[in-house]
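Structural features, examined
Given next are the chains, with one letter for each unit.
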Amino acid sequence: MTHPDLFGDAQAATSDLSAKPVTSTAVRAAQLRAALHHHAHRYYTLDAPEIPDAEYDRLFRQLQALEAEHPELLTPDSPTQRVGGKVLAEFAQVRHRVPMLSIRTETDTKASGAEAFDARIRKELGLGDAQPAVGYVAELKFDGLAMSLRYENGVLVQGATRGDGETGEDVTANVRTIGQIPLRLPEGVPAVLEVRGEVYMRRGDFEALNERQRQRIAAGAKGEKTFVNPRNAAAGAVRQLDSGIAADRPLSFFAYGLGEVTAPADQPLWTTHYDMLMQLKAWGFPVAEQTAVVEGAAGLVAFHQRIAAQRDSLPYDIDGVVYKVNDLALQQQLGFVTREPRWAVAHKYPAQEEMTQVLAIDVQVGRTGKLTPVAKLAPVFVGGVTVTNATLHNELEARRKDVRIGDTVIVRRAGDVIPEVVSVVLDRRPADAPQFTMMSHCPVCGSLAEREEGEADHRCTGGLFCSAQRKQAVWHFAHRRAMDVDGLGDKLVDQLVDSGQVNTLADLYHLKLENLANMDRMAEKSAVNLLQALEKSKQATLPRFLFGLGIRHVGEATAKELARHFGQLDAVMAASEDALLQVADVGPIVAHSIRTFFDQPHNREVVQALRDAGIRWAEGEALAPTEMPLAGVTVVLTGTLQTMGRDEAKDKLEALGAKVAGSVSKKTSYVVAGAEAGSKLDKAQALGVPVLDDAGLAVLLSGQKP
Ligand code: IVH
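This section reports on the structure supplied with the text.

Criteria and thresholds
Residues numbered from 1 in each chain as written. Predicted model: local features only at pLDDT ≥ 70, side-chain atom pairs only at ≥ 80, totals over all residues. Heavy atoms only, no water. Helix = DSSP H or I, 4+ residues; strand = E, 2+ residues; numbered from the N terminus. Polar contact = N/O pair within 3.5 Å; in protein donor to acceptor, adjacent residues only side chain to side chain. Core = buried A, V, L, I, M, F, W, Y, C linked by side-chain atoms within 4.5 Å. Buried < 20%, exposed > 50% of the residue type's maximum accessible area, 1.4 Å probe, protein only. Contact = heavy atoms within 4.5 Å. Pairing = 2+ DSSP bridges. Axes fitted to C-alpha atoms, helices over the stretch in contact; angles between N-to-C directions. Left-handed = near helix turned anticlockwise from the far one by under 90°. Nonpolar A, V, L, I, M, F, W, Y, C, P; charged D, E, K, R; others polar. Near = heavy atom within 4 Å. Areas by Shrake-Rupley, 256 points an atom, 1.4 Å probe, with all protein chains shown as cover. Phe/Tyr/Trp six-rings, centres within 6.5 Å; stacked < 30°, edge-to-face > 60°. Parallel < 35°, antiparallel > 145°, perpendicular 65-115°, else oblique.

Observations concerning the environment of Asn503
By the element assignment, Asn503 lies in the loop between helix H14 (490-498) and helix H15 (513-517). At 3.5 Å, the side chain of Asn503 and the backbone oxygen of Gly500 are in polar contact.

Structure, rendered in structure tokens:
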């Protein structure tokens, strides 16, 4: 991305510093300021620094030293003012010369809210159906706090909060600490320019700040607290009387409008809202890249949906989008109702964070014995669903967040991500709520709970003695991607294990109709179906069986690799850790886990019992990778193939021992090029790598080398 150099000779100024002797201290201070302005803009706003941080710090310290020696050289726009330091007794009041309005919120959070706004605008403007679509600017609705920045002759002289819209607070010292806010504007800006926008905190900065706060609290610091959400943290920082503290809390800024501007009425600087935003951007203010000019209701709806899809991956919170009529003459024609412009509306998204209470902290036992603390919550509707549980992962995590029974917590559910407790509202903690500690024994079977060196998780040591682990082992074995036993749901597994009818996996295959008939809510038809499903599952494959055993760290992909490498179950069971390490994707932890599993006599007995019960699969020959037909062949796939998709071709080639690579090199054996193949084909031709079409691929897949 290129950007006009806002500060003219900043570059020259930087190099001058190291090259020529400076003529006077005042000139040198000015050069340093110009250079630092330039680099701060590159760093904070464009995210494209030109010099290392250390170099910036060096220039910064030079200027600080100069100003300390010559206080008369200190200007209000000096970058040294960004570090804060001033402590106020209270904020002065600021009367906004142009009031800071609020904005009407469209009540309908669905896409139809955008249509309702467009319909209102058209009606107000007296536009009939035949008349063209209205042009809008669609923006993000940032979740921070409104700020008015006043520049006089290009220098930031005041930052003020919205207050009641008429009168706000003078928070200039704090605003100066925000790296993205220019302290000085380029030549040629209006003599008075008030830029309005949102001060906010990025999510990553918020997380880091809260982590620091937690450490301060843990170290016994008085009066420190964690923040509920980024908006709350941003508001707290802006309203700090000690600007040194404000400087310590990383804030960001987006511009979205104007207050007072001295511009000759006969020579408007811009005629649309969008042009105004682009001018602000050119002057050095951050403007969100998503900001778009759209046409009519359809354009608004499309924007609303596009941003909804991006919302969770943005690095900062938004609570909706804002639509504004683009043409400033039309804005004027539409005017205001009380304190709200008729030409703009906020269209919100459903909230992703809500407050609720922790009723209990339960500990759940997983298939491999992992003990997971789970916060049981008073039901709360957030991110489109009712949430009653949130995992706290493990003891360390539960303590890091310091979630306690009775706490009021902020729960977040963004997109399809599982709900999580983001933070605790400490002011609402009941007196003497105890810190969470993991129990010393499994809550289900009473076996010792242990945490291994270097691990975060506690585990129940009961193994298959623990009914919780047994239940999940059975459920996993029956899983669609393992042995695929249809009709064996968790409720039924619970009953079968609790009633003692299923103690090991093999017991499943000894179930009779009469055992099942005694179960709750079990119709005879379902019982018959289940027995049939169990019978059918005996025709297995080795990878499914291996996966179904539930060996720790052996997922579906590893099970496939093991089956491919060893061909036979006995070979897998007998393999040493070294032999296991030869398998693709198997590292020391996985190898150790497999060896440990098969070393347990109990597990070998279960495997034997399952075989005795009649489970069968086609045992293959152990195929050492070097013996496979396409061993040593490297293929690159490019373009659109006629006969199959690239993923399918990749699977088939790999099954024959070929390696499928992403880029072409001298080591590539073949490039398979389909329609519209691009640079990879060019490269193959340049390097003289043989190029195959679909027919050539078919020869390869028959195990021969064309
Ligand atoms: S325009 C004349 N645009 O939402 C219209 N406001 O009441 C003035 N906000 O707290 C507001 N993003 O700080 C506008 N892109 C955006 C905004 C935005 C967030 C905030 C604003 C105020 C509230 C509107």
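What about the nonpolar core?
Of all hydrophobic cores here, the largest spans 54 residues; its most connected members are Leu488, Phe598 and Leu610. Where this core is concerned, the elements lending two or more residues are helix H13 (467-477), H14, helix H16 (524-537), helix H17 (542-548), helix H18 (556-566), helix H19 (569-574), helix H21 (588-599) and helix H22 (601-612). Broken down by element, this core gets its largest block of residues, five residues, from H21. Setting aside its immediate chain neighbours within four residues, Phe598 contacts Leu546, Leu549, Ile551, Val572, Met573, Arg604 and Val607. Membership of the second largest hydrophobic core comes to 35 residues, among which are Ala233, Phe253, Leu277 and Phe285.

Some details on the sheet that holds strand S5 (residues 155-161)
The four strands are arranged S5-S4-S7-S8 in an open sheet whose pairing can be described as antiparallel. Each end of this open sheet is capped by a strand with a single partner; those strands are S5 and strand S8 (252-261). On average, adjacent strands in this sheet sit at an angle of 30° to one another, irrespective of strand direction. Here seven bridges tie strand S7 (residues 192-200) to S8, and the two strands are oriented antiparallel to one another. Within S8, the residue paired with Val199 across the bridge is Phe253. Its contacts with the sheet put helix H9 (residues 273-282) on S7 and S8, and the angle it makes with S8 is roughly 115°.

Quick look at the packing of helix H2 (residues 25-45) against helix H3 (residues 53-69)
Contact geometry for H2 and H3: axes closest at 10 Å, N-to-C directions at 145°. Considering the relative orientation of H2 and H3, their crossing is left-handed. Note on element contacts: H3 touches H2 through Asp53, Tyr56, Leu59, Phe60, Gln62, Leu63, Leu66 and Glu67, opposite Thr25, Arg28, Ala29, Leu32, Arg33, Ala35, Leu36, His39, Ala40 and Tyr43. Along the lines of polarity and charge, the residues of the contact of H2 with H3 split into 11 nonpolar, three polar and four charged.

What about the site of the ligand?
Lining the immediate environment of the ligand, one finds 14 residues, of which Ile103, Glu139, Leu140, Glu198 and Tyr256 sit closest. Note that a nitrogen atom of the ligand is positioned 3.1 Å from one of the backbone N or O atoms of Phe142. In the environment of the ligand, a nitrogen atom lies 2.9 Å from a nitrogen or oxygen atom belonging to the side chain of Lys324. Contact with the protein chains hides 85% of the accessible area of the ligand, taken as 520 Å² for the molecule alone. Within the residue set of the shell around the ligand, elements represented by two or more residues are strand S3 (135-142) and strand S10 (318-325). When residues of the shell around the ligand are assigned to their parent elements, the largest contribution, four residues, is made by S3. A class-by-class count of the residues in the shell around the ligand yields nine nonpolar, one polar and four charged.

Quick word on the pairing of S3
Within S3, seven of the eight residues are buried, which leaves it mostly tucked inside the rest of the structure. Pairing analysis gives four bridges linking S3 to strand S9 (residues 292-295), with the strands arranged antiparallel. When the sheet's bridge partners are listed, Gly135 is paired in S9 with Glu295.

With respect to the packing of aromatic side chains
Tallied over the entire structure, the rule returns 15 aromatic pairs. Feature note: the residues Phe142, Tyr200, Phe254 and Tyr316 constitute an aromatic cluster, connected by ring pairs.

Observations regarding the packing of H13 against H14
When two helices pack together, their arrangement is given by the angle between their axes and by how far apart the axes lie. Direction vectors running N to C along H13 and H14 enclose 130°, while the axes themselves pass 9 Å from each other. Accordingly, the angle class assigned to the pair H13 and H14 is oblique. Crossing angle aside, the handedness with which H13 passes H14 is right-handed. Across the interface between the two elements, Ser467, Arg470, Lys471, Val474 and Trp475 of H13 pack against Asp490, Val493, Asp494, Val497 and Asp498 of H14.

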